[in-house]
Amino acid sequence: METEWVMGLAGGVVIGIAVSLMLLWNGRVTGVSSIVYGVLVPIKGDISWRWYFIVGLLLGGLSLKFTAPELLAAELQTKAWIGSLAGILVGFGAMLGGGCTSGHGVCGVSRVSPRSIVATIVFMAAGMAAVVLLRKTGLYI
Amino acid sequence: MKYNIGALIVGLLFAIGLGLSGILQPANIIGFLDIFGKWNPTLLFTMAGAVGVHFITYRLIRKRKTPMFSKEWFIPTRQEITPALVIGSLIFGIGWGLGGYCPTVSVTTLASFETRPIIVFVSIIFGMLLFWFLDKKMNLKSRLE
């Protein structure tokens with residue numbers, strides 16, 4: 001348990017450094033849903049860096065796979081159709097709400113943006129409600 | 001080119017941070033959201049670490065006239081709380097709780113080559129395209145602003 005929170009904090013610090021470098025170098029917010037959306041629905045002249053970022057995420061994932069695969073364990077939590085429904089809601093909701101855990105939750109809260117603080121409180125509360133629902137209905141494995 | 005390589009390094013670091021913190025295991029996300037069950041507070045430390053660092057660096061970095069590899073800043077400046085923001089975040093949160101995957105985690109865990117992340121990732125892309133379609137057809141977002 002003790003190592004868990006130390007690792008959690010250490011991981012958070014690395015994420016904080018990553019989004020700071022994005023700001024220092026490129027002047028951008030690291031909002032992953034928006035970065036992916038910008039590849040799907042491309043804006044002229046604003047695409048290549050998005051691919052590089054996505055490749056960076058994948059390279060990071062691959063390096064974990066070969067050094068500490070237990071960190072990348074995508075355990076089966078629920079039935080596949082719930083995973084699919086979850087994904088659709090995540091993709092749709094992030095675009096309507098203008099961001100996700102990275103853009104609103106990390107970058108927005110850090111610059112004390114009222115919109116991001118509201119978004120973060122709302123999606124955390126909704127997530128907690130969804131987990132209760134999973135538990136009550138017995139859909140959580 | 002610096003701009004692209006910068007983005008690549010940020011992506012790589014971000015993924016490693018996620019891995020260290022344990023967030024790439026959906027069980028830990030669900031555990032964090034499960035405050036009425038067996039609560040796992042790890043993600044709180046991760047948020048505190050990330051926000052703690054960036055809260056300070058944001059202020060230092062914004063003292064510069066421009067970013068290092070760009071001529072201008074691309075920082076959202078809107079302040080108002082709109083129905084789109086609240087409803088979108090609500091929908092996002094429900095999906096996040098149901099699956100244990102946010103967009104960042106879904107992309108990064110594709111590297112595991114397991115089935116579940118692929119299912120979730122493809123569904124997220126579908127959700128985004130659904131938003132794009134509805135927004136184009138009926139101005140969904142501007143109606144809710």
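Given the structure is predicted, the values throughout are model-derived calculations rather than measurements.

Draft legend 1. Just the side chain of A:Arg50, in detail. Take A:Arg50: it is sitting in helix H3 (residues 48-67). Residue contacts for A:Arg50: discarding those within four places in its chain leaves A:Ser34, A:Ile35, A:Gly38, A:Val39 and A:Ile43.

Draft legend 2. Seen up close, the domain arrangement of chain B. Residues and elements named next belong to chain B. Domain annotation of chain B identifies domain 1 (1-75) and domain 2 (78-144). Here domain 1 and domain 2 have C-alpha centroids that lie 18 Å from each other. Opposite the 10 residues of domain 1 that make contact, domain 2 presents 10 residues. Carbon and sulfur atoms make up 84% of the area that domain 1 and domain 2 hide from each other, which totals about 790 Å². Across the contact surface, domain 1 and domain 2 share 0 salt bridges. Where domain 1 packs against domain 2, one counts 0 residue pairs in polar contact (both at pLDDT 80 or more). Looking at the side of domain 1 that touches domain 2, the elements that each hand over two or more residues are helix H1 (2-21) and helix H2 (26-33). No other element matches H2, which puts 4 residues into the side of domain 1 that touches domain 2. Considering only residue class, the side of domain 1 that touches domain 2 consists of 10 nonpolar, no polar and no charged.

Draft legend 3. Quick peek at a nonpolar patch on the surface. There is a patch of nonpolar side chains on the surface, built from A:Val112, A:Ile117, A:Ile121, B:Phe55, B:Ile56 and B:Leu60 and spanning about 540 Å² of accessible area. Of all the secondary-structure elements, those providing two or more residues to the nonpolar patch are helix H6 (114-137) of chain A together with helix H3 (42-61) of chain B. The exposure class of B:Leu60 is exposed, given its relative accessible area of 51%.

Draft legend 4. Geometry of the environment of B:Ala111. Looking at where B:Ala111 falls in the secondary structure, it is placed in the loop between helix H5 (103-108) and helix H6 (115-138). With a relative accessible area of 3%, B:Ala111 lands in the buried category. Leave out the neighbours within four places in its chain, and B:Ala111 touches A:Leu58, A:Gly61, A:Leu62, A:Lys65 and A:Leu72.

Draft legend 5. Main features of the UniProt feature "transmembrane region" (unreviewed entry) in chain A. Residues and elements named next belong to chain A. Look at the UniProt record and you will see "transmembrane region" (unreviewed entry) annotated at residues 5-25, 49-68, 80-97 and 117-134. End-to-end, the C-alpha atoms of residues 5-25 are 30 Å apart, and along that stretch the chain is 100% helix and 0% strand. Summarising residues 80-97: 100% helix, 0% strand, and an end-to-end C-alpha distance of 25 Å.

Draft legend 6. Region of the structure containing the interface of chain A and chain B. In this complex, chain A contributes 103 residues to the contact, which on the side of chain B involves 107 residues. With both chains or domains summed, chain A and chain B bury close to 9,700 Å², and 76% of this area falls on carbon and sulfur atoms. Looking at the side of chain A facing chain B, the largest losses of area belong to A:Trp25, A:Leu96 and A:Arg115, adding up to 9% of the total buried there. B:Asp34 is the partner of A:Arg135 in a salt bridge, and the nearest nitrogen-oxygen pair spans 2.2 Å.

Draft legend 7. Layout of the pattern of salt bridges. In total, this model carries 5 salt bridges over all chains according to the counting rule given. Note that B:Arg78 is salt-bridged to B:Glu80, the shortest N-O span being 2.9 Å. For B:Glu80, a relative accessible area of 40% gives the class partly exposed. For the salt bridge of B:Glu145 with B:Arg78, the shortest nitrogen-to-oxygen distance reads 3.1 Å. Residue B:Glu145 is located in the segment after helix H7 (140-143), and its partner B:Arg78 is located in the loop between H3 and helix H4 (83-99); the two are separated by 67 residues in the primary sequence. Shared partners join several salt bridges into a network, and the residues in it are A:Arg28, A:Asp46 and A:Arg50.

Draft legend 8. Region of the structure containing the UniProt feature "transmembrane region" (unreviewed entry) in chain B. Residues and elements named next belong to chain B. Per the UniProt record, the feature "transmembrane region" (unreviewed entry) sits at residues 42-61, 81-98 and 118-134. Helix makes up 100% of residues 42-61 and strand 0%, whereas the separation of the span's terminal C-alpha atoms amounts to 28 Å. Span residues 118-134 is 100% helix and 0% strand, its end C-alpha atoms 24 Å apart.

Each value, and the rule that gives it
Residues numbered from 1 in each chain as written. Chains lettered and ligands numbered in written order. Predicted model: local features only at pLDDT ≥ 70, side-chain atom pairs only at ≥ 80, totals over all residues. Heavy atoms only, no water. Helix = DSSP H or I, 4+ residues; strand = E, 2+ residues; numbered from the N terminus. Contact = heavy atoms within 4.5 Å. Domains from an automatic or database assignment. Buried area = accessible area lost by both parts, 1.4 Å probe. Salt bridge = Lys/Arg side-chain N within 4 Å of Asp/Glu carboxyl O. Polar contact = N/O pair within 3.5 Å; in protein donor to acceptor, adjacent residues only side chain to side chain. Nonpolar A, V, L, I, M, F, W, Y, C, P; charged D, E, K, R; others polar. Patch = residues over 30% accessible without salt bridge, like charges linked within 9 Å, V, L, I, M, F, W, Y side chains within 5 Å. Areas by Shrake-Rupley, 256 points an atom, 1.4 Å probe, with all protein chains shown as cover. Buried < 20%, exposed > 50% of the residue type's maximum accessible area, 1.4 Å probe, protein only. UniProt positions renumbered as here; feature names shortened; annotations may be inferred.

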